[in-house]
There are 2 protein chains.
Amino acid sequence: LAGAAKADDLQTLQKDPKQWVMPTGDYGNLRHSALKQITTENVGKLAPAWQFSTGVLRGHEGAPLVIGDVMYLHTPFPNNVYALDLKDPDHKILWKYEPKQDPSVVPVMCCDTVNRGLAYGDGKIFLAQADTTLVALDAKSGKLLWSVKNGDPSKGQTSTAAPHVFKDKVFVGIAGGEFGVRGHITAYDVKTGQQVWRGYSMGPDADTLIEPGKTTHLGKPVEKDSGITTWEGEQWKIGGGTTWGWYSYDPDLNLVYYGSGNPSTWNPKQRPGDNRWSMTIWARDLDTGKAKWVYQMTPHDEWDYDGINEMILADQDMGGQKRKTLVHFDRNGFAYTLDRVTGELLVAEKFDPAVNWASKVDMDKSSKTYGRPLGVAKYSTEQNGEDVNTQYVCPAALGSKDQQPASYDATTGLFLVPTNHVCMDYEPFRVSYTAGQPYVGATLEMFPAGKDKGETHTGNFIAWDAKVGKIVWSNKEQFSVWGGATSTDGGVTFYGTLEGYLKAVDTKTGKELYKYKTPSGIIGNVTTYESGGKQYVAVLSGVGGWAGIGLAAGLSKSNEGLGAVGNYASLANYTALGGVLTVFALPN
Amino acid sequence: LAGAAKADDLQTLQKDPKQWVMPTGDYGNLRHSALKQITTENVGKLAPAWQFSTGVLRGHEGAPLVIGDVMYLHTPFPNNVYALDLKDPDHKILWKYEPKQDPSVVPVMCCDTVNRGLAYGDGKIFLAQADTTLVALDAKSGKLLWSVKNGDPSKGQTSTAAPHVFKDKVFVGIAGGEFGVRGHITAYDVKTGQQVWRGYSMGPDADTLIEPGKTTHLGKPVEKDSGITTWEGEQWKIGGGTTWGWYSYDPDLNLVYYGSGNPSTWNPKQRPGDNRWSMTIWARDLDTGKAKWVYQMTPHDEWDYDGINEMILADQDMGGQKRKTLVHFDRNGFAYTLDRVTGELLVAEKFDPAVNWASKVDMDKSSKTYGRPLGVAKYSTEQNGEDVNTQYVCPAALGSKDQQPASYDATTGLFLVPTNHVCMDYEPFRVSYTAGQPYVGATLEMFPAGKDKGETHTGNFIAWDAKVGKIVWSNKEQFSVWGGATSTDGGVTFYGTLEGYLKAVDTKTGKELYKYKTPSGIIGNVTTYESGGKQYVAVLSGVGGWAGIGLAAGLSKSNEGLGAVGNYASLANYTALGGVLTVFALPN
Ligand SMILES: O=C(O)c1cc(C(=O)O)c2c(n1)C(=O)C(=O)c1cc(C(=O)O)[nH]c1-2
Ligand SMILES: O=C(O)c1cc(C(=O)O)c2c(n1)C(=O)C(=O)c1cc(C(=O)O)[nH]c1-2
């Protein structure tokens with residue numbers, strides 16, 4: 001118990017706004033900082049203070065950690081790790097870790113060679129390499145302490161998610177939904193690397209760690225082996241539901257929250273059924289992995305609306321009652337507010353008015369379709385069928401929001417959300433499964449949501465009221481906002497743009513107060529920390545990710561890159577590849 | 001004649017301090033700007049204004065051009081070219097040129113995959129690709145107008161120098177002194193790409209364009225076929241003397257100036273004789289290429305002291321008399337002041353007190369060794385012989401200064417010089433020639449010049465009085481200053497450092513007034529320009545070049561990279577690869 005208490009230093013550390021000790025800011029994924037030296041008044045004077053090139057091209061997602069006086073920085077494949085000395089005026093490299101990985105993993109990464117960051121805990125830095133090796137490095141020396149293989153790239157299994165340390169365990173997911181990988185989340189002991197438990201997204205209850213009769217879905221007990229019975233035959237074995245996003249933890253409830261991705265293949269005709277538990281919000285016991293509740297947002301997905309986006313654990317006043325809520329901005333265009341204790345669905349509203357594939361989520365508890373989206377036939381790729389091009393579905397496969405995490409500002413009660421404003425044409429086709437080969441089964445073409453009105457912008461940065469499910473303000477962005485937001489007690493919210501701006505806006509009004517064009521497009525998240533009495537704002541630039549795949553992988557045909565290339569082709573007029581950390585501060 | 005006048009728009013353009021129309025700043029290689037918004041008083045407030053990642057790793061030498069409202073940017077291999085719109089608030093890419101080059105050129109580049117920049121003239125942007133292809137692009141559209149092959153990489157011939165446009169001709173050199181390439185400079189017609197003339201560094205007079213009896217060396221006519229008779233047998237055919245540096249032009253004298261590099265091989269025993277005209281300052285007629293005068297600085301080189309550094313055409317008051325001088329800081333550690341009309345040697349003094357291989361240059365006109373360095377036997381790798389390790393020779397092979405160009409500030413009469421402070425052990429060995437294979441013949445180990453006194457710094461940034469040959473002030477730099485200097489009428493001189501700082505110093509005193517850590521080590525030169533009424537300072541970071549070859553090529557043995565790796569190993573504690581343009585300005 002003493003050991004466990006020590007391992008949960010993190011619970012204390014994350015409350016220190018001078019540091020940024022986890023990829024999500026804190027256990028609850030709030031991504032909010034209590035720092036307030038930089039304010040709406042002075043942020044206009046912000047300027048780069050120092051920079052560091054990572055030596056790696058392609059997409060730089062995630063953000064550095066700051067533990068004490070050291071900054072820990074990661075790169076996309078080959079996943080180098082740098083420890084930078086923040087006390088040193090030159091920000092010298094204290095140590096560097098350069099994994100040797102077989103480059104054959106690169107072609108089985110669906111959406112660029114991204115990595116969403118490092119985790120810290122128990123004096124260790126954890127890195128989930130692209131090839132699914134989880135390594136624990138001594139935070140002081142960079143020495144490799146232990147490593148464990150979490151998957152097999154030859155079967156299309158890869159790692160892009162940041163590891164997450166909650167208490168005495170480090171959690172890793174798996175990517176490969178476009179290769180028929182069956183998703184799982186795995187807890188390893190931070191001390192030894194021993195596997196503690198693994199929970200699959202589908203399969204028998206023994207694999208999913210669902211307790212029939214106990215685990216609930218929308219308030220009702222889940223039936224036995226639902227992860228098999230909602231599939232045809234043995235399709236669940238190649239069923240997707242991967243876990244490449246962000247995870248949260250509520251220490252009081254001892255529950256871990258995360259979402260599972262799309263069912264494989266993208267051709268819905270090939271996989272009848274609800275395809276549980278793809279596209280699902282999971283609440284699992286930290287120690288046992290047992291599922292307390294689940295909520296499937298997009299049963300039988302027909303559009304690749306992975307449910308992996310972050311779960312924000314904000315306590316909110318819901319109609320006069322303080323509730324432990326979970327807020328989730330899903331790829332499918334709905335923002336969900338749930339009771340995170342029980343999994344009760346409280347709010348489900350579109351956070352982009354362009355969303356058209358469903359009219360709404362049925363909130364009538366007495367309805368047979370309670371909690372399910374009410375689909376619009378015209379946009380059903382299942383109904384339209386194979387080899388038929390279903391047109392102008394909104395959002396596109398990359399969703400109204402993708403991996404870019406939102407932040408929550410308790411002062412205003414607003415969620416600050418980087419979003420996509422993109423629609424698509426989607427044509428499913430029959431595909432057969434071969435291990436390690438793409439198992440996609442659809443051809444896509446994406447375009448600006450307002451194309452029919454002559455609009456060209458593909459993003460909005462919005463403020464959302466999750467108590468009622470309404471947009472409070474919305475700023476048009478030329479490109480999808482593919483980097484994460486961070487709000488602060490200075491009343492300022494920061495985020496990066498695909499063409500390369502670090503922007504600061506007034507959290508209350510959305511008014512743009514500052515912008516700076518960093519070396520490359522930003523798909524990373526913003527970190528803020530304090531060092532030597534001064535507040536800093538740090539962000540990685542380095543264009544790529546799914547939105548930037550044309551630049552990152554050198555693709556030019558508009559339906560290449562799983563349909564994303566054409567929609568972002570004009571990005572090439574603004575920026576080029578290259579990973580650079582920029583650290584901003586107010587002038588002395 | 002009207003056409004020629006038009007082609008010499010450059011003579012007017014280079015006088016406009018708002019633009020930066022040639023890689024050398026002006027025809028005379030002064031690298032000085034008349035801009036003075038940024039002053040010694042306010043430069044401390046400088047800050048990055050915007051940045052642009054080039055999408056290429058490895059060493060970024062040279063600097064962008066600014067023509068009108070457009071910035072032209074180049075990269076190392078694969079030598080992409082960007083035209084950036086300076087009027088556009090996003091600095092959008094107007095066009096991009098991406099040559100297709102056979103990557104087999106990379107292993108025959110001695111000192112990283114560098115490229116020292118673009119030239120402009122006659123509405124065209126000229127790029128000398130690594131593979132020796134010279135291309136002319138339409139400055140407006142990026143359209144390829146003509147291209148010509150200047151050499152053959154399969155024989156070790158490559159291109160790293162910037163092309164230089166003087167009047168109606170574009171000049172290109174050749175690299176490959178470490179591959180037995182016989183150097184030459186070639187003039188092409190800017191309009192058509194037709195070769196106008198080529199002057200070799202060695203060979204018969206018909207090749208060198210030396211006019212026996214007319215061309216002078218130290219005031220005396222040069223003898224017939226001196227480029228053959230100072231070699232044994234046919235060694236001149238693989239004799240080096242490459243031309244990979246900077247060129248200058250005096251329009252009044254109609255003379256082009258440049259230096260030739262080391263004789264091949266680095267083993268002096270294998271090539272008896274003075275090895276003319278390696279290591280030589282050349283003054284050639286622009287229109288015919290005929291040599292007016294030559295001056296060989298290091299006859300029969302024993303240390304790889306290439307003579308290619310820039311020739312600065314400053315008019316100076318020499319003992320009461322205004323003279324057209326040429327000032328040259330040579331790799332061999334001597335700074336030469338010559339009369340550029342006649343080639344008369346006026347001053348030759350050490351610009352780093354550490355220099356020990358020669359006691360001095362003989363300035364006694366009546367002496368038999370007039371104009372020659374007086375060697376110190378102990379440091380003669382020729383006398384010590386093959387397979388003997390000659391120790392602690394100063395400077396090291398990369399010289400007291402290498403390709404990093406100096407600037408001249410007429411107001412103070414000072415030359416601002418980025419220097420190296422490095423010595424070496426040098427062990428020559430017998431080598432045989434195979435076309436396209438390294439033809440080096442020496443093993444080197446480099447170290448800080450003050451190693452014996454426990455000093456570790458390998459650079460100094462100095463101010464030099466070339467009228468008398470004296471250091472006026474000297475700033476220690478932790479690393480060799482591998483980027484070029486630019487002085488301004490604001491009284492500020494700018495330069496970059498290998499660990500990544502852009503620095504501003506008081507030209508008069510050397511006092512450091514500003515520094516900023518850019519994303520990567522700087523080996524590029526500083527450009528300053530004005531746009532929208534505001535002065536900007538631009539520099540490429542991106543560590544590499546010979547000094548940074550350990551990082552650039554991933555080498556770690558101390559004598560790898562032609563002996564440079566060990567001396568700069570600690571650079572890996574400060575910076576990593578990645579090309580980024582940073583543009584600085586005063587805050588609004
Ligand atoms: O199904 C999967 O396993 C999987 C993995 C990943 C990934 O690992 O990056 C992405 C996606 N799907 C995906 O659907 C998606 O939109 C996406 C965007 C990105 C990105 O980093 O920009 N990755 C992924
Ligand atoms: O002899 C040659 O042809 C040749 C070529 C080059 C080059 O092309 O970069 C260099 C050198 N020599 C050389 O001696 C040298 O010190 C050097 C430094 C650099 C650089 O860019 O950092 N290049 C070269």
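Student: Mind showing me how you'd approach the sheet that holds strand S25 (residues 345-350) of chain A here?
Tutor: Backbone-to-backbone hydrogen bonds pair the strands of a sheet. The strands run either parallel or antiparallel. Residue and element names in this part refer to chain A. Read from one edge to the other, the open sheet built from four strands follows the order S22-S23-S24-S25, with strand pairing classed as antiparallel. Unpaired on one side and paired on the other, strand S22 (315-318) and S25 mark the two borders of the sheet. Each neighbouring strand pair of the sheet contributes to a mean axis angle of 35 degrees, computed without reference to strand direction. Of the strand pairs in this sheet, S22 and strand S23 (residues 321-329) are connected by four bridges, and their pairing is antiparallel. Looking at S23, one finds that aspartate 315 is bridged to lysine 324.

Student: Can you help me understand the site of ligand 1 in this one?
Tutor: All names here are of chain A. Taken together, 20 residues lie near ligand 1, and Glu61, Thr160, Gly176, Thr242 and Asp402 sit nearest. One of the side-chain N or O atoms of glutamate 178 is found 3.1 Å from an oxygen atom in ligand 1. Asparagine 262 places a polar side-chain atom, nitrogen or oxygen, 3.3 Å from an oxygen atom of ligand 1. When ligand 1 is considered free in solution it has 460 Å² of accessible area, and contact with the protein chains removes 98% of it. For the shell around ligand 1, the per-class residue count stands at seven nonpolar, six polar and seven charged.

Student: Mind showing me how you'd approach the pattern of salt bridges here?
Tutor: Oppositely charged side chains can form a pair if their charged atoms are brought close together. Here the structure, examined in full by the defined rule, presents 60 salt bridges over all chains. Measuring nitrogen to oxygen at the nearest pair gives 3.8 Å for the salt bridge that ties glutamate 98 of chain B to lysine 96 of chain B. We classify lysine 96 of chain B as partly exposed; its relative accessible area is 32%. Among the charged side chains, a network of salt bridges with common partners joins Asp304, Asp306, Arg331 and Asp402 of chain A.

Student: Honestly, the confidence of the model for chain A in this entry has me stumped. Any pointers?
Tutor: Taken over all residues, the pLDDT of chain A has a mean of 97, while the share at 70 or more is 99%. Predicted confidence for residues 1-5 of chain A stays below pLDDT 50, and this span has one contact to residues more than four positions away or in other chains.

Student: Mind showing me how you'd approach the side chain of histidine 74 of chain B here?
Tutor: Residues and elements named next belong to chain B. Structurally, histidine 74 is set in strand S5 (residues 70-74). With relative accessibility at 1%, the residue histidine 74 sits in the buried group. Within the structure, histidine 74 has its side chain in polar contact with the backbone oxygen of glutamate 61 (distance 2.8 Å). Here the side chain of histidine 74 touches glycine 117 through a polar contact of 3.4 Å, landing on its backbone nitrogen. Residue contacts for histidine 74: discarding those within four places in its chain leaves Glu61, Gly62, Ala63, Asn80, Asn115, Arg116, Gly117, Leu118 and Leu540.

Student: What is the right way to look at the pairing of strand S37 (residues 501-506) of chain A in this model?
Tutor: Each regular strand shows side chains that alternate between the opposite faces of the sheet. Residues and elements named next belong to chain A. With respect to burial, S37 is a largely interior element, six of its six residues being buried. Burial of S37 is two-sided: the residues Tyr501, Lys503 and Val505 facing one way and the residues Leu502, Ala504 and Asp506 facing the other way are all buried. Judged from the five bridges that link them, strand S36 (residues 492-496) and S37 form a sheet pairing that is antiparallel. Within S37, the residue paired with phenylalanine 494 across the bridge is alanine 504.

Student: What am I meant to see in the state of the cysteines here?
Tutor: The term disulfide refers to a covalent linkage connecting the sulfur atoms of a pair of cysteines. Residues and elements named next belong to chain A. Scanning the entire structure with this criterion turns up four disulfides over all chains. The residue that forms a disulfide with cysteine 110 is cysteine 111, at a sulfur-sulfur distance of 2.2 Å. Sign of the S-S torsion, about -100 degrees for the bond between cysteine 110 and cysteine 111, identifies this disulfide as left-handed. Judged by relative accessible area, which is 17%, cysteine 111 ranks as buried. The side chain of cysteine 394 participates in a disulfide bridge whose partner is cysteine 423; the two sulfur atoms lie 2.1 Å from each other.

Rules behind the numbers
- Each chain has its residues counted from 1, following the order in which its sequence is written.
- Whichever chain is written first becomes A and whichever ligand is written first becomes 1, with later ones labelled in order.
- Note on the predicted model: pLDDT of at least 70 is required for a residue's local features to be given, and 80 or more for side-chain atom pairs to be given and counted; whole-chain, interface and lining totals, by contrast, use all residues.
- Derived side-chain values reflect all non-hydrogen atoms in the structure, with water molecules and hydrogen atoms excluded from consideration.
- The criterion for strand pairing is that DSSP finds at least two bridges linking the strands in question.
- Put simply, DSSP marks the helices as runs of H or I at least four residues long and the strands as runs of E at least two long, and each gets a number from the N terminus on.
- Where helices are involved, their axes are fitted lines through C-alpha atoms of the stretch in contact, as for all axes, and angles between N-to-C directions lie from 0 to 180°.
- One heavy atom within 4 Å of a molecule or strand makes the whole residue count as near it.
- Here a polar contact is recorded for every N or O atom pair within 3.5 Å, except that within protein the pair must consist of a potential hydrogen donor and a potential acceptor, and residues adjacent in sequence are included only if both atoms are side-chain atoms.
- Each accessible area is a Shrake-Rupley result for a 1.4 Å probe, and residues are judged covered by the shown protein chains and nothing else.
- Under the convention adopted here, Pro, Cys and the residues Ala, Val, Leu, Ile, Met, Phe, Trp and Tyr are nonpolar, Asp, Glu, Lys and Arg are charged, and Gly plus all remaining residues are polar.
- Whenever Lys or Arg places a side-chain nitrogen within 4 Å of a carboxyl oxygen from Asp or Glu, that contact is recorded as a salt bridge.
- Each residue is placed in one exposure class: buried if its accessible area under a 1.4 Å probe, protein chains only, is under 20% of its type's maximum, exposed if it is over 50%, and partly exposed if it falls in between.
- The pLDDT value expresses, per residue, how confident the predictor is, ranging between 0 and 100.
- By definition in these notes, contact holds between two residues if any of their heavy atoms fall within 4.5 Å.
- Criterion for a disulfide: a pair of cysteine sulfur atoms at a distance within 2.5 Å.

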